[in-house]
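# Results of the structural survey
So the chains spell out like this:
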Amino acid sequence: MSNDLILCIWDQLVAADVMYSFFNLNSRINSLLLQFYGLYKQLDLRYCSLSACRFFCRQVPTMIEWRLNLTVLKLGNRYRCSQTNMLAEEVIKSFVANHFATREKSCHNAPEDIFQILITNNKEIQPIFPQLISFIVFQPIPISDVYRDALLFIVANGSLLRTFAWNSCRKQTHHSKTFFDWLFRRSINLVSYKLSTPPCENGFELKYEHTLINTYVPHSSLIYLTINILNLSTLHTLLHYLPQLEYLDVYISSICHSNNTENQKLNYPRNLRVINLRHFIIEGQDCSCLEQLIDKFVNTLEKFSLYLSHYCNGDIDMCFNGYRLASLCNKLSRLQSIHFAIQIPFMEEPTRQILSDFIQAFRTPFWLDGPVGCIQVCVNYNQIHRCVQMCSLPYTFTDNTLFNTIDLINVLFNNIEQEKQIQNDLSIALAPLWYGAVWLFILFTKDQKIPISFLHALQYPHSQDKVLVISCERGILPDNIHEHLQLTHFSTLQLNSSFDFNSSYDFTQSVAWFRLLPNVKCLYVNSTELKHWFTSDHNRQQFLNTFLARLDRLFIDCEPLINMNRNQEIMLPLLSFIINKQRFPNLKYLRFINCKYISSSWVNINKWVEFIFIHIKEHQLYHFFHSLLISNVFLI
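Right, let's walk through the structure included here. Here the residue numbers are simple positions, counted from 1 along each chain's written sequence. Residues qualify for local features only when their pLDDT is at least 70, as the model is predicted, and side-chain atom pairs are given and counted only at 80 or more; totals for whole chains, interfaces and linings, by contrast, use all residues. Calculation of side-chain values draws on the structure's entire complement of heavy atoms; hydrogens and water are dropped beforehand.

Let us look at the overall build of the chain. Under the DSSP-based scheme used, a helix requires at least four consecutive residues in state H or I and a strand at least two consecutive residues in state E, with every element numbered from the N terminus. Of the regular secondary structure elements, the chain holds 26 helices and 21 strands. Only protein chains enter the accessibility calculation, which uses a 1.4 Å probe. A residue is then buried if its area is under 20% of the maximum for its type, exposed if over 50%, and partly exposed in between. A burial count over the chain gives 53% of its 636 residues as buried. Taking the contacts inside the chain whose residues are at least 6 apart along the sequence as the reference set, 78% of them involve residues at least 24 apart. Accessible surface, the chain as shown: approximately 29,000 Å² in total, 50% of it carbon and sulfur. Contacts are assigned to residue pairs that have any heavy atoms within 4.5 Å of one another. Accessibility throughout is a Shrake-Rupley quantity obtained with a 1.4 Å probe, and a residue counts as covered only by protein chains that appear here.

In structure tokens form, the structure reads like this:
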């Protein structure tokens, strides 16, 4: 077999699966694995099969070639719950066995908590992978203190480690102290540190008093910090101990109050060039907490991004607007770029004059011809969330969902030329907004008629792979609108639904949206809504079938399945509907998400797994069956 043919076969597999399948067949194969897949040097377990993951978790901590040569280790993803624990358990076994072997003792009678005892009493722990440079973890389920310590203090304990990233699941901030202790006391040469939580979760907290008690010293090498934290106090404390920091990307989950006072004893980085305040909420009439933070870096800051919500208690004159942002940025002598998205809540819909005042604040010389050039800005009102939205263009906050209502057709621009474009083609004027936005969430009120101009505004043919999220209320589309326009840049559709539909559910409006979205290949849908599709007699079933036939990924939200009766009622007809070669000829991935109430509603999981495999074989869905064999059907 030629090298080219071997590599062609390998291109269809995940690297870890390649190594698992071909490892140690012969010296020629091993040399190819070394050359093209980083055998013994790099290991990415995130998307490999369960059998390959189990194999490497057992082999890597014990095999000398892996231990002495591994430089990059990545593990965990949102659909594989066991990877982090699996590796941690094997690391603990290897660590304990080596401890007793070096002392020529047996570990058979060691107490169950021997690992914690060794970790606590041994201040000079030797790293299991001394050459490790990069360690990336996605933690999909809660982790115990023991497994956490195994990954932090045994795996990520080498002096050569430069990059550390840990994406935690929900409700894990009780590990805060340990993560920060590791950062400031063990990661002596680390350059990049990322510690994140899911959106809308509380972030990690570090108190200044804790750093004093535990004798933190400033970190001498960290340059890049991306982190989700609880409050502004934690940010100031972190900055005090990071004198070399140059890049800061931070999500602050708690509200910052305008009367927050800073600790005058703290120091700040000397060369901070980039600040991305990814989530920043201020309550109160002044924004001194934000201004005091940015003032620390007036001589170094080059790139500034701000995603801000300002609750100003109804005082329009005190809102954080274009004038105040320009005043703040004018202090930054080295500023090269500014990007922002600002939300100002309004209990009542603002008048056209108020919106005009907001956009007028961005028509000053700083914005139109200032030190960073011409900054394009748009302003509109969101009637569902009741807030004024102001953002610079192009939109750069790709991790944040962009929320819009039909009020978007009344958008205002600070650039007069863009204002003129609205009369000709609003989608052209909004192109910089759609270019940067990945997730677009459109919201409608009950029985709201959707103007054609709004749909035209959503068009953006020069980009692809956008995600469209539609609220429970689908609105009323113009008749036969699909004959006049198509929203071709959306490849993923997420339908938000309530748990209990009633007789008012309008299947026709959902189908009308399907006909507007010819390139959607991925669908997120609630199990209750999906049930309506296959249990009702719809005269538009043919349009539904056309839409479903294009799908290659289907995510089913199972949160409504709150008990066994609901599970039995929905799952059997649902699976019969989905596992159908004629209806879903291209489907490759089927995932059931938000499967809660495991002990009450999912005790019959074996029954459904058996049903899936039996009926896939009956329908001869080879490519679908193949996907299932490599674990692309998930319950999470």
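Okay, the environment of Ser253 next. Structurally, the position occupied by Ser253 is in strand β7 (residues 247-257). Sequence spacing of Ser253 and His279 is 26 residues, and the spatial spacing of their C-alpha atoms is 7.1 Å. Among residues more than four places away in sequence, those in contact with Ser253 are Glu201, Asn202, Gly203, Ile229, Leu230 and His279. Among the polar contacts made by the side chain of Ser253, one reaches the main-chain amide nitrogen of Gly203 at a distance of 3.0 Å. Under this definition, polar contacts are N or O atom pairs within 3.5 Å; protein pairs additionally need one hydrogen-donor-capable and one acceptor-capable atom, and for neighbouring residues in sequence, both atoms have to be side-chain atoms.

For helix α22 (residues 541-549), the complete set of buried residues consists of Leu544, Phe547 and Leu548. For α22, the angular spread of buried residues about the axis comes to 95°, placing them on one side. Taking the helix axis as origin, the arc is that swept by the directions to the C-beta atoms.

Below, the discussion takes up the packing of helix α4 (residues 50-59) against helix α6 (residues 83-102). Packing of α4 against α6 brings their axes to within 8 Å, and their N-to-C directions diverge by 25°. As judged from the angle between their axes, α4 and α6 are roughly parallel. Handedness of the crossing formed by α4 with α6: right-handed. For the pair formed by α4 and α6, the contact residues are Leu50, Cys53, Arg54, Cys57 and Arg58 on the first element and Gln83, Met86, Leu87 and Glu90 on the second. Here the residues of the contact of α4 with α6 are counted per class, giving five nonpolar, one polar and three charged. Fitted lines through C-alpha atoms serve as axes, helices being fitted only where they are in contact, and the angles separating the N-to-C directions of these axes extend from 0 to 180 degrees. Here the angle decides the label: under 35 degrees means roughly parallel, over 145 means roughly antiparallel, 65 to 115 means roughly perpendicular, and every other value means oblique. Should the near helix be turned anticlockwise from the far one by less than a right angle, the crossing is termed left-handed; should it be turned clockwise, right-handed. For this scheme, ten residues count as nonpolar: Ala, Val, Leu, Ile, Met, Phe, Trp, Tyr, Cys and Pro. Four count as charged, namely Asp, Glu, Lys and Arg, and the remainder, Gly too, count as polar.

In this section: the nonpolar core. Buried residues of nine kinds, namely Ala, Val, Leu, Ile, Met, Phe, Trp, Tyr and Cys, make up a nonpolar core once their side-chain atoms join them within 4.5 Å. Among the nonpolar cores identified, the biggest contains 116 residues, and Phe135, Tyr193, Phe280 and Phe304 are the most heavily contacted of them. Element by element, the count of residues in this core is highest for α6, at eight residues. When residues no more than four places from it in sequence are discounted, the contact partners of Phe304 are Ile275, Leu277, Ile294, Leu325, Leu328, Cys329, Leu335, Ser337, Ile338 and His339. Within the second largest apolar cluster, 74 residues are counted, among which are Val411, Leu440, Leu517 and Leu523.

The term salt bridge refers to a pairing of a side-chain nitrogen on Lys or Arg with a carboxyl oxygen on Asp or Glu at a separation within 4 Å. Taken as a whole and assessed by the stated rule, the structure comprises 14 salt bridges. Between Arg148 and Asp145 there is a salt bridge; the shortest N-O distance is 3.3 Å. Of this pair, Arg148 and Asp145 both sit in helix α8 (residues 145-155), three residues apart, roughly one helical turn. Relative accessible area serves as the criterion here: at 41%, Asp145 is assigned to the partly exposed category. The shortest N-O distance in the salt bridge between Glu201 and Arg170 comes to 3.2 Å. Here Glu201, found in the loop between β5 (192-196) and α10 (208-213), pairs with Arg170, found in the loop between β4 (163-167) and α9 (176-185); they are 31 residues apart in sequence, far enough to count as distant. For Glu201, a relative accessible area of 16% gives the class buried. On the basis of relative accessibility, which here comes to 49%, the residue Arg170 falls in the partly exposed class. Here the salt bridges share partners, and the residues they tie into one network are Glu246, Arg273, Glu302 and Arg334.

Once that is clear, we can look at the pairing of β7. Strand pairing is defined by DSSP finding a minimum of two bridges between the two strands. Where strand β6 (residues 224-229) and β7 come together, six bridges link them in parallel fashion. Bridged to Leu225 within β7 is Leu248. Read from β6 through helix α11 (residues 232-240) to β7, the crossover connection turns out right-handed. By definition, the crossover connecting two strands over a helix is right-handed if that path, from the first strand to the second, turns clockwise as seen with the strands pointing away from the viewer.

Attention now moves to the packing of helix α20 (residues 507-516) against α22. Here α20 crosses α22 at 45°, and the two axes come no closer than 10 Å. In terms of their interaxial angle, α20 and α22 are classed as oblique. Crossing handedness for the pair α20 and α22: left-handed. When α20 is examined against α22, the residues Phe507, Val511, Phe514 and Arg515 are found in contact with a partner set consisting of Phe543, Leu544 and Phe547. Per-class residue counts for the contact of α20 with α22 are six nonpolar, no polar and one charged.

Two rings from Phe, Tyr or Trp (for Trp, the six-membered ring) form a pair when their centres sit within 6.5 Å of each other. Planes less than 30 degrees apart are called stacked, planes more than 60 degrees apart edge-to-face, and all others tilted. Counted according to the given criterion, the structure contains 28 aromatic pairs. Ring centres of Tyr216 and Tyr241 lie 5.8 Å apart, and the angle between their planes is 75°; this geometry places the pair in the edge-to-face category. You can see Tyr216 sitting in the loop between α10 and β6 and its partner Tyr241 sitting in the loop between α11 and β7, a full 25 residues away along the chain. Note on accessibility: Tyr216 and Tyr241 belong to one class, buried. Taking the centre distance of 5.4 Å and the plane angle of 80° together, the rings of Phe514 and Trp533 count as edge-to-face. Here Phe514 is found in helix α20, whereas its partner Trp533 is found in helix α21 (residues 527-535), with 19 residues between them in sequence. Assigned by exposure class, Phe514 and Trp533 land together as buried. Chaining the aromatic ring pairs together yields one cluster made of Phe135, Phe164, Trp166, Phe179, Trp182, Tyr193 and Phe204. Lysine and arginine charges are scored as sitting over a ring when NZ or CZ, respectively, is within 6 Å of the ring centre and within 35 degrees of the ring normal. The ring of Phe543 has Arg515 lying over it, and the distance from NZ or CZ to the ring centre is 3.7 Å.

Relative to strand β15 (residues 439-442), strand β13 (residues 402-404) is paired through three bridges, and the arrangement is parallel. Opposite Asn404, over in β15, you have Ile442 as the bridge partner. Where β15 lies against strand β16 (residues 466-470), four bridges are found, and the strand directions are parallel. Note that in β16 the partner of Phe441 across the bridge is Val469.

Next up on the list: the side chain of His236. Topologically, His236 is positioned in helix α11. The exposure class of His236 is buried, given its relative accessible area of 8%. Within the structure, His236 has its side chain in polar contact with the side chain of Tyr268 (distance 2.7 Å). Setting aside residues up to four positions removed in sequence, His236 forms contacts with Leu266, Tyr268 and Leu293.

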